[in-house]
Amino acid sequence: MEAISTAIPDVLLLKPKVFSDARGFFFESYNQKVLASFGIQYQFVQDNHSRSGKNVLRGLHYQIRQPQGKLVRVVVGEVFDVAVDLRRDSPTFGKWTGLVLSAENKEMLCVPPGFAHGLLVLSDWAEFTYKTTDFYAQEFERTLRWDDPDVAIAWPLAGEPQLSAKDSRGVRFRDAEVYTSESAAAR
């Protein structure tokens, strides 16, 4: 496996070594020892699996307490996956990075705690799985507006995105609760 820094160095693109032949393919999607060699030493506690149709935009989600780091990969289709740095003391505070993840490229994104996360489905359907470093806590969940002009994510949209009611009510970056050094220490 190879780890590549993104536009935000703490967010890593992971490229697994894929073994393919006429029968299909094999690759390790998770190996704690290999990830630790890249500085990824999170304890993942929950796995999630989601399916969405074309132009569904999920996010930008985060938990202000019990922040979740995520290890995301696509098992069917293709998505544009985004992370926004909400760590006030970070040199990349308020910046975003986004990459295309697909079943074909088998790449994964490792998003540390302290980030808002979202994705846009580019294919007719996409299924994605992700590991989290803390458990889901609805009372601490927050949503950052997907189209906030201060963050200015360049979503590769083909028309209006399909949003959940919750995502339609996301807050602007300037009004969002963010992580401080105290909340970062609690991770």
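Below, the structure is looked at part by part. All residue numbers refer to positions counted from 1 along the written sequence of the respective chain. Only residues with pLDDT of at least 70 get local features here, since the model is predicted, and only at 80 or more are side-chain atom pairs given and counted; chain-wide, interface and lining totals rely on the full set of residues. The basis for every side-chain value is the complete set of heavy atoms in the structure, and neither hydrogens nor water enter the calculation.

**Notes on the overall build of the protein**
Argument step 1. Secondary structure assignment for the protein yields three helices and 13 strands.
Argument step 2. Expressed along its principal axes, the backbone C-alpha trace of the protein runs to roughly 55 × 40 × 30 Å.
Argument step 3. Exposure is judged per residue with a 1.4 Å probe applied to protein chains only, and the accessible area is read against the type maximum: over 50% gives exposed, under 20% gives buried, and values in between give partly exposed. Each of the 187 residues in the protein was classed as buried or not, and the buried ones make up 47%.
Argument step 4. Two residues form a contact once any of their heavy atoms are found within 4.5 Å. At a minimum sequence separation of 6, the contacts of the protein that also span at least 24 residues come to 81%.
Argument step 5. To be clear on the numbers: accessible area is Shrake-Rupley with a 1.4 Å probe, and residue cover counts the displayed protein chains and nothing else. With the model as given, the accessible surface of the protein reaches about 9,600 Å², and the carbon-plus-sulfur share is 49%.
Argument step 6. In this tally, Lys and Arg are treated as positive and Asp and Glu as negative; His is ignored, and so are the chain termini. To locate a charge, take atom NZ for lysine, CZ for arginine, CG for aspartate or CD for glutamate. A distance of 2 Å separates the average location of the 22 positive side-chain charges in the protein from that of its 24 negative side-chain charges. Secondary structure elements are taken from DSSP: a helix is a run of H or I of four residues or more, a strand is a run of E of two residues or more, and numbering for both begins at the N terminus.

**Brief notes about the environment of Val56**
Argument step 1. Position of Val56 relative to the elements: it lies in the loop between strand S5 (46-53) and strand S6 (57-63).
Argument step 2. Val56 sits 107 residues away from Leu163 along the chain, and the two C-alpha atoms are 6.3 Å apart.
Argument step 3. The contacts of Val56, once residues within four sequence positions are left out, are Leu119, Leu120, Val121 and Gln162.

**Things to note about the packing of aromatic side chains**
Argument step 1. Aromatic rings from Phe, Tyr and Trp, taking only the six-membered ring of Trp, are treated as a pair when their centres fall within 6.5 Å; an angle between ring planes under 30 degrees marks them as stacked, one over 60 as edge-to-face, and anything in between as tilted. One pass over the structure, following the stated rule, counts seven aromatic pairs.
Argument step 2. Consider the rings of Phe80 and Trp155, whose centres lie 6.0 Å apart with planes at 75°: the pair is edge-to-face. You can see Phe80 sitting in strand S8 (residues 78-85) and its partner Trp155 sitting in the loop between strand S13 (141-143) and helix H2 (165-168), a full 75 residues away along the chain.
Argument step 3. Among the aromatic residues, those joined into a ring-pair cluster are Tyr30, Tyr42 and Phe44.
Argument step 4. Charge over a ring is defined by NZ of Lys or CZ of Arg lying within 6 Å of the ring centre and within 35 degrees of the ring normal. In this structure, Lys106 packs its charged tip against the face of Phe25, placed 4.2 Å from the ring centre.
Argument step 5. In this structure, Lys131 is placed above the aromatic ring of Tyr30, and the distance from its NZ or CZ to the ring centre is 5.0 Å.

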